[in-house]
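Here are the chains, one letter per residue:
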Amino acid sequence: MKRILVTGGAGFLGSHLCDRLLAEGNDVLCVDNFFTGPKLNVAHLRDHPGFELMRHDVTFPLYVEVDEIYNLACPASPIHYQLDPVQTTKTSVHGAINMLGLAKRVKAKILQASTSEVYGDPELHPQTEAYWGRVNPVGERSCYDEGKRCAETLCFDYWRQHRLRVKVVRIFNTYGPRMHPDDGRVVSNFVVQALKGKDITIYGDGRQTRSFCYVDDLLEAMIRAMNTPDEVTGPINIGNPCEFTILELANLVIDLTASRSKLIFKPLPADDPRQRQPDITLAKKLLGWAPRIELKEGLESTIRYFEAQLSGAMAQAEVIPIARARELSD
Ligand SMILES: NC(=O)c1ccc[n+]([C@@H]2O[C@H](COP(=O)([O-])OP(=O)(O)OC[C@H]3O[C@@H](n4cnc5c(N)ncnc54)[C@H](O)[C@@H]3O)[C@@H](O)[C@H]2O)c1
C-alpha cells in the first residue's frame, strides 16, 4: 500500500484518480482549494478508510508524508483559468515548486499533469514530444500555457539537479463524467446545450479539429506513467489521436441526445489552435498503452452523467468506469 497525494483531487480528473488509486488499495490524501472542483466530486469517498480530504492551496508549502504525488492542481478550462490569471500562473509555478520541494524532502516520486497547451498553436501535426511548441507568451492563455511550461522546466531541473524522480505527462483534451457543466470546454458545453435544447455554440467555422480522450483511458496512462522505471521522466503525450472536427462532435452529440438544438457560429477566441492531435508513439512504447474507449461510448457515458445531474437525480459518486460497466452488462 502506498500513501499517495493527489493535488487538485476534487477536480474532474483528480476525483476519478482518487477513485482509481483507492480501488487499487492505496491511501489517498486529496488536497484541493475547491476553486473549480466541488467537494461533491469526492463526497462519496468521505467514509473510505484510505481517504483523507484537505483544503489547501498549493501556492503555499505543504508538509505531509507521502510516497507519490500526482500534481493536478490547476484550473484547466480557459473560462476558469482566465478568471484570475495571476493566481493561475502562481498555481502552476509556485504549486510546482512546493510539490517538487515536498517530493524532495520526503523522497517521493512526482507526476506533473502538464498539457498539450505547451505546444500552443502548433506548426507540426500531430505533435510529438520533441516539438518545442509555438506559444504566445503575452496573450490571454499565457498564464496557463506558460505556467505549465515553467512547471515542466522545474520538474526537469529537479531531476537534473537533485535526481528527483519525476514523470511529466502532457494531457490532451480529456472528457467524461464530473466535468464542470459551465466550464466552457467543448464536450461539456455541447452536451449540456443539447440536453437543455439550447443552440449549440460553435466557435469559428467548426472545421478546427480536436482529439478527445475518455477519462478512464487517460487515468490508465497516468498511473502507468507513475509506475515506469526511474529513468523514464517524460514528457509523454497522453490522449486519443483520433481526430474529429468540432462540427462532427456537435452532430454526434445531437444524434446521441436526440436533441433538436441548432448549431450557431461565433468568432474564434484569441489563440485558439486550429488543430490538436497527439502523437502517442512514445506512450505506446513506454507505457504499453493506447486508448480503448471510442468517442461514441465515452460520450454516451458522459451524456448519462449530465442527464442525471441536470435532473438532480444523481450524486457525482455514482460514476462507474466503462470497463466495469461492460463487465456488469456481460
Ligand atoms: N481535462 C483535460 O482535458 C486536461 C487537459 C490537459 C491538462 N489537464 C490538467 O490536468 C489537471 C486536472 O484538470 P481537470 O480537467 O481535472 O481540471 P479541474 O479544474 O476540474 O481540476 C483542477 C482542480 O485543481 C484545484 N485547484 C485549482 N487551483 C488550486 C490551488 N491553487 N490549490 C489547490 N487546488 C487547486 C481545483 O479546485 C480543481 O479541483 C490540471 O492540472 C490540468 O491542467 C487537463
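Residues numbered from 1 in each chain as written. Predicted model: local features only at pLDDT ≥ 70, side-chain atom pairs only at ≥ 80, totals over all residues. Heavy atoms only, no water.

Engineer: Please provide a residue-by-residue account of the overall build of the protein, values included.
Structural biologist: For the protein, the helix and strand inventory stands at 10 helices and 13 strands. Taking 20 Å as the expected radius of gyration for a compact globule of 330 residues, we find that the protein reaches 19 Å, a close match to that expectation. Looking at the protein as a whole, 55% of its 330 residues are labelled buried. Nonlocal contacts in the protein, meaning residues at least 24 apart in sequence, comprise 81% of its contacts between residues at least 6 apart. For the protein, the computed accessible surface area is about 14700 Å², with 52% contributed by carbon and sulfur atoms. (Helix = DSSP H or I, 4+ residues; strand = E, 2+ residues; numbered from the N terminus. Rg over C-alpha atoms; globule rule 2.2 N^0.38 Å. Buried < 20%, exposed > 50% of the residue type's maximum accessible area, 1.4 Å probe, protein only. Contact = heavy atoms within 4.5 Å. Areas by Shrake-Rupley, 256 points an atom, 1.4 Å probe, with all protein chains shown as cover.)

Engineer: So what's going on with the pattern of salt bridges? Which residues, and what values?
Structural biologist: By the definition in use, this model includes 16 salt bridges. With a shortest N-O distance of 2.8 Å, Arg224 and Glu220 are connected by a salt bridge. Placement of both Arg224 and Glu220 in helix H6 (residues 215-226) is noted, with a separation of four residues, approximately one turn of the helix. Glu300 is the partner of Lys296 in a salt bridge, and the nearest nitrogen-oxygen pair spans 3.0 Å. Taken together, the residues span about one helical turn, with Lys296 and Glu300 both in helix H9 (residues 295-310) at a distance of four residues. The exposure class assigned to Lys296 is partly exposed, which follows from its relative accessible area of 45%. (Salt bridge = Lys/Arg side-chain N within 4 Å of Asp/Glu carboxyl O.)

Engineer: Describe helix H1 (residues 12-23), naming the residues involved and giving the relevant values.
Structural biologist: Helix length check: H1, at 12 residues, gives a terminal C-alpha distance of 17 Å against a target of 16 Å (1.5 Å per residue), a fit within 8%. Turning to H1, its buried residues number three or more, namely Phe12, Leu13, Gly14, Ser15, His16, Leu17, Cys18, Leu21 and Leu22. A positive phi of about 90° marks Gly25, the residue just after H1. (Expected span 1.5 Å × (residues − 1).)

Engineer: Explain the sheet that holds strand E4 (residues 68-71) residue by residue, including any values.
Structural biologist: In space, the seven strands of this open sheet follow the order E3-E2-E1-E4-E5-E6-E11, with parallel pairing throughout. One side of each edge strand has no neighbouring strand; the edge strands of this open sheet are strand E3 (51-55) and strand E11 (236-238). Direction aside, neighbouring strands of the sheet carry axes that sit 20° apart on average. Of the strand pairs in this sheet, strand E6 (residues 166-171) and E11 are connected by three bridges, and their pairing is parallel. Pairing of Ile171 across the sheet is with Ile238, part of E11. Most of the contacts of helix H4 (residues 142-162) go to strand E5 (residues 109-115), to which it runs at about 155°, and overall it touches E5 and E6. (Pairing = 2+ DSSP bridges. Axes fitted to C-alpha atoms, helices over the stretch in contact; angles between N-to-C directions.)

Engineer: Outline the packing of helix H5 (residues 186-195) against H9, supporting the account with residue identities and numerical values.
Structural biologist: To characterise two packed helices, one gives the angle between the axes of the helices and the distance between these axes. Running from N to C, H5 and H9 cross one another at 55°; their axes reach a closest spacing of 10 Å. Relative to H9, the element H5 lies oblique. Both H5 and H9 take part in a crossing whose hand is right-handed. Here H5 contributes Val187, Ser188, Val191, Val192 and Leu195 to the contact with H9, which in turn contributes Leu299, Thr302, Ile303, Phe306, Glu307 and Leu310. Class assignment of the residues belonging to the contact of H5 with H9 gives a composition of eight nonpolar, two polar and one charged. (Parallel < 35°, antiparallel > 145°, perpendicular 65-115°, else oblique. Left-handed = near helix turned anticlockwise from the far one by under 90°. Nonpolar A, V, L, I, M, F, W, Y, C, P; charged D, E, K, R; others polar.)

Engineer: Mind laying out the site of the ligand, listing which residues take part and the relevant values?
Structural biologist: As a structural note, the neighbourhood of the ligand is formed by 30 residues, with Leu13, Asp32, Thr36, Tyr144 and Lys148 the closest of them. Backbone polar atom of Leu13 to an oxygen atom of the ligand: 2.8 Å apart, as the coordinates give it. Note that a nitrogen atom of the ligand is positioned 2.9 Å from one of the side-chain N or O atoms of Asp57. For the ligand, the protein covers 97% of the area, taking 810 Å² as the surface of the free molecule. Broken down by secondary-structure element, the contributors of at least two residues to the shell around the ligand are H1, helix H3 (85-106), E5 and H4. Tallied by class, residues from the shell around the ligand come to 14 nonpolar, 12 polar and four charged. (Near = heavy atom within 4 Å. Polar contact = N/O pair within 3.5 Å; in protein donor to acceptor, adjacent residues only side chain to side chain.)

Engineer: If you had to explain H5 to someone new, which residues and values would you point to?
Structural biologist: In terms of burial, H5 is largely enclosed, as eight of its 10 residues are buried. Among all positions in H5, only Val187, Ser188, Asn189, Phe190, Val191, Val192, Gln193 and Ala194 are buried. Buried positions along H5 lie against strand E7 (174-175), strand E8 (200-203), helix H7 (246-257) and H9. Count one or two residues on from H5 and you reach Gly197, which has phi positive near 70°.

Engineer: Provide a residue-level description of unusual backbone geometry, including the pertinent values.
Structural biologist: Residue Pro126 is reached from His125 by a cis peptide bond, and omega for that bond is -5°. Mapped onto the secondary structure, Pro126 falls in the loop between E5 and H4. Going from Gly234 to Pro235, the amide bond is cis rather than trans, its omega being 5°. Checked against the element boundaries, Pro235 lands in the loop between H6 and E11. Positive phi, close to 55°, is recorded for Lys107, a residue that is not glycine.

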